[in-house]
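Structural overview
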Amino acid sequence: MNAVVRRLPGQTLLETTGRVSGLPRRTPVGGRRVGDSFWLVSEFGERSQYVRNIRADPRVRVRIRGRWHPGTAHLMPDDDPRARLRRLPRFNSTAVRVMGVGAQLLTVRVELDG
């Protein structure tokens, strides 16, 4: 399913660098741009592959509305991910809540490079 979703022109993507392969890894995500930051919540928290990649190399790119934005990702374990979900697009928030039931949610903030 992710392979199909990644090809949709309007889908927001997070591109990390594979911590083992060194290759670009693209993951469909939901979230919201607020000023020069992009916020999202990982439904699998620390177990998410893209979170593990961010730990190894925080330089990422985010594709928003078809345009790539480079930036630096920050894992935000002290942020309240459920409160953060209430500020993100409703469709994404619902999907994360359903898929993340019982999981350790984790907020991720990407500081965009302008």
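Residues numbered from 1 in each chain as written. Predicted model: local features only at pLDDT ≥ 70, side-chain atom pairs only at ≥ 80, totals over all residues. Heavy atoms only, no water.

Some remarks on the side chain of Thr107
Our working definition: Here a helix means four or more residues in a row that DSSP labels H or I, a strand means two or more in a row labelled E, and each is numbered from the N terminus. Exposure categories follow from relative accessible area, calculated using a 1.4 Å probe and restricted to protein chains: below 20% of the type maximum is buried, above 50% is exposed, and the middle band is partly exposed. Whether two residues are in contact is decided by their heavy atoms, any of which lying within 4.5 Å being enough.
On the secondary structure map, Thr107 appears in strand E7 (residues 106–112). Residue classification places Thr107 among the buried residues on the basis of a relative accessible area of 0%. Beyond its immediate chain neighbours, meaning those up to four positions away, Thr107 contacts Trp39, Leu40, Val41, His74, Leu75, Met76, Asp79, Asp80, Pro81 and Arg84.

Quick look at helix H2 (residues 49–56)
Filter applied, for reference: Regarding the arc, it is the one traced by the directions from the helix axis to the C-beta atoms.
For H2, the full list of buried residues reads Tyr50, Val51, Asn53 and Ile54. The buried residues of H2 occupy an angular sector of 160 degrees when the element is viewed end-on, so they sit on one face. Away from its buried face by more than 90 degrees, H2 exposes Arg55 and Ala56. Where H2 is buried, its residues touch strand E1 (13–17), strand E2 (24–28), strand E4 (37–42), strand E5 (59–64), strand E6 (67–76) and E7.

A short note on the sheet that holds E6
Under the convention used in this document: Following DSSP output, two strands are said to pair if at least two bridges run between them. Every axis in this analysis is a line fitted to C-alpha atoms, fitted for helices over the stretch in contact. Angles between the N-to-C directions lie between 0 and 180 degrees.
The strand order across the open sheet built from seven strands is E2-E1-E5-E6-E7-E4-E3, with neighbouring strands paired in antiparallel fashion. One side of each edge strand has no neighbouring strand; the edge strands of this open sheet are E2 and strand E3 (32–34). Recorded for the sheet is a direction-independent mean angle of 35 degrees between the axes of neighbouring strands. As judged from the three bridges shared by E1 and E5, these two strands associate in the antiparallel manner. Across the sheet, Leu14 pairs through a bridge with Val62, a residue of E5. Where H2 meets the sheet, it contacts E1, E2, E4, E5, E6 and E7, and its direction lies at approximately 50 degrees from that of E1.

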